[in-house]
Amino acid sequence: MEKVNQVFKKIEEANNVEDVRSILLDFEKYKMSDVAYPQIEFKIEKEEIDALKKNGIITDENQLAPNFEGDALSKLLYAVLWKNGDLIKIKHIINGIVSEENEDYKESGIVFYQFGKYLTKKGNPIIDQHTLRAFGIYKADGNPVEIERLRKLSIITKKENSIIEGYKRWLKTDLKETLRIDKDYSYYVDKVLFAVGKSLKIQKQSKSK
């Protein structure tokens, strides 16, 4: 996995986000769409969630209230979540927003839980299967069994907690300070690792009839 090591070396030597973004040129086929996933500029505070609960929009179980009411935009967004069967994911995002920093990861919804932490804009990165695959392979020391497992990885569970924590430490300690002073640096690192990890994934072979 020499190419993976080269990517991480470039990130660790990057002086600014432009250096990081330039790495994506080698992974155009696998990069995430800026149209489907534009950068999120806003943040969500625990106090805002508390206010939604007080107004009966969110339940004590951190779900949208079944008798949800809102403006037209809120209703449209609710309708999209409902149609995609994603209403349950709201709970995991809210859990991440309101959680304490040292709270243990849950058994399920880890990606959305961490996304909730990211939305608070307090130094937590976005994580997903592709990002963790790239980082895990980088730290696997050439272990063929672990690399094979990570290349097949599709669902994030507690088994990946050590990789998640290692990734968060790496972002805060192993990159140049001139890069880390940019408040959005982890977003651009994530975009690169998403593409790298996606390029490494072993796709399941469809069964022939």
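The structure displayed is predicted, hence computed values, not measured ones. (Residues numbered from 1 in each chain as written. Predicted model: local features only at pLDDT ≥ 70, side-chain atom pairs only at ≥ 80, totals over all residues. Heavy atoms only, no water.)

Draft legend 1. Spatial organisation of the pattern of salt bridges. Summed over all chains, the structure comprises 13 salt bridges. In this structure, Lys46 and Asp50 form a salt bridge, with 3.2 Å as the shortest nitrogen-oxygen distance. Separated by four residues within a single helix, Lys46 and Asp50 lie in helix 3 (residues 46-54), roughly one turn from each other. What makes Asp50 partly exposed here is its relative accessible area of 34%. As a salt-bridge pair, Lys75 and Glu69 come within 4.0 Å of each other at their nearest N and O atoms. On the basis of relative accessibility, which here comes to 43%, the residue Lys75 falls in the partly exposed class. Exposure remark for Glu69: the relative accessible area of 55% places this residue in the exposed category. Beyond isolated ion pairs, a larger network of salt bridges with shared partners links Glu146, Arg149 and Glu160. (Salt bridge = Lys/Arg side-chain N within 4 Å of Asp/Glu carboxyl O. Helix = DSSP H or I, 4+ residues; strand = E, 2+ residues; numbered from the N terminus. Buried < 20%, exposed > 50% of the residue type's maximum accessible area, 1.4 Å probe, protein only.)

Draft legend 2. Molecular detail of the packing of helix 9 (residues 161-173) against helix 11 (residues 185-200). Relative to each other, helix 9 and helix 11 sit at 125°, their axes nearing to 11 Å. With respect to helix 11, the element helix 9 is oriented oblique. Helix 9 and helix 11 meet at a crossing whose hand is right-handed. Note on element contacts: helix 11 touches helix 9 through Tyr185, Ser186, Val189, Asp190 and Leu193, opposite Tyr167, Trp170, Leu171 and Lys172. A class-by-class count of the residues in the contact of helix 9 with helix 11 yields six nonpolar, one polar and two charged. (Axes fitted to C-alpha atoms, helices over the stretch in contact; angles between N-to-C directions. Parallel < 35°, antiparallel > 145°, perpendicular 65-115°, else oblique. Left-handed = near helix turned anticlockwise from the far one by under 90°. Contact = heavy atoms within 4.5 Å. Nonpolar A, V, L, I, M, F, W, Y, C, P; charged D, E, K, R; others polar.)

Draft legend 3. Broad picture of the side chain of Arg133. For Arg133, the location among the structural elements is in helix 7 (residues 129-138). Summary of buried charges: Arg133 has no salt-bridge partner, and the nearest side chain of opposite charge, Asp128, is 6.9 Å away. From its side chain, Arg133 meets the backbone oxygen of Leu150 in a polar contact 2.8 Å long. A polar contact is formed between the side chain of Arg133 and the backbone oxygen of Gly197, at a distance of 2.9 Å. Ignoring anything within four residues of it in the chain, the contact list for Arg133 reads Leu150, Arg151, Leu153, Gly197, Lys198, Leu200 and Lys201. (Lys, Arg positive; Asp, Glu negative; His and termini not counted. Polar contact = N/O pair within 3.5 Å; in protein donor to acceptor, adjacent residues only side chain to side chain.)

Draft legend 4. Here's a closer look at the nonpolar core. Ranked by internal contacts, the top residues of the largest apolar core, which has 49 residues, are Ile11, Trp170 and Val189. Among the elements that make up this core, the one with the highest residue count is helix 11 (nine residues). Not counting the four nearest positions on each side in its chain, Trp170 is found in contact with Phe8, Ile11, Glu12, Phe135, Tyr138, Leu175, Val189 and Leu193. (Core = buried A, V, L, I, M, F, W, Y, C linked by side-chain atoms within 4.5 Å.)

Draft legend 5. The arrangement of unusual backbone geometry in detail. Positive phi values are uncommon outside glycine, yet Asn62 reaches one of about 65°. As for its placement among the helices and strands, Asn62 is situated in the loop between helix 3 and helix 4 (72-83). One non-glycine residue, Lys121, lies in positive phi territory at about 60°. In this fold, Lys121 is placed in the loop between helix 6 (110-119) and helix 7.

Draft legend 6. Up close: the packing of aromatic side chains. Per the counting criterion, the structure on display carries nine aromatic pairs. Each ring, one from Phe135 and one from Trp170, has its centre 5.8 Å from the other, and the planes form 55°; the classification is tilted. With Phe135 in helix 7 and Trp170 in helix 9, this pair connects stretches of sequence that are 35 residues apart. Trp170 carries the same exposure label as Phe135, and that label is buried. Aromatic ring contacts, followed pair by pair, group Phe8, Phe135, Tyr138, Tyr167 and Trp170 into a single cluster. (Phe/Tyr/Trp six-rings, centres within 6.5 Å; stacked < 30°, edge-to-face > 60°.)

Draft legend 7. Representation of the packing of helix 5 (residues 89-98) against helix 6 in the model. With their axes 6 Å apart at the nearest point, helix 5 and helix 6 run at an angle of 45° to one another. In this view, helix 5 runs oblique relative to helix 6, as classed from their interaxial angle. Classified by chirality, the crossing of helix 6 by helix 5 is right-handed. Here Lys89, His92, Ile93, Asn95, Gly96 and Ile97 of helix 5 lie close against helix 6, whose contacting residues are Phe112, Tyr113, Phe115, Gly116, Lys117 and Leu119. Within the contact of helix 5 with helix 6, the residues separate by chemical class into six nonpolar, four polar and two charged.

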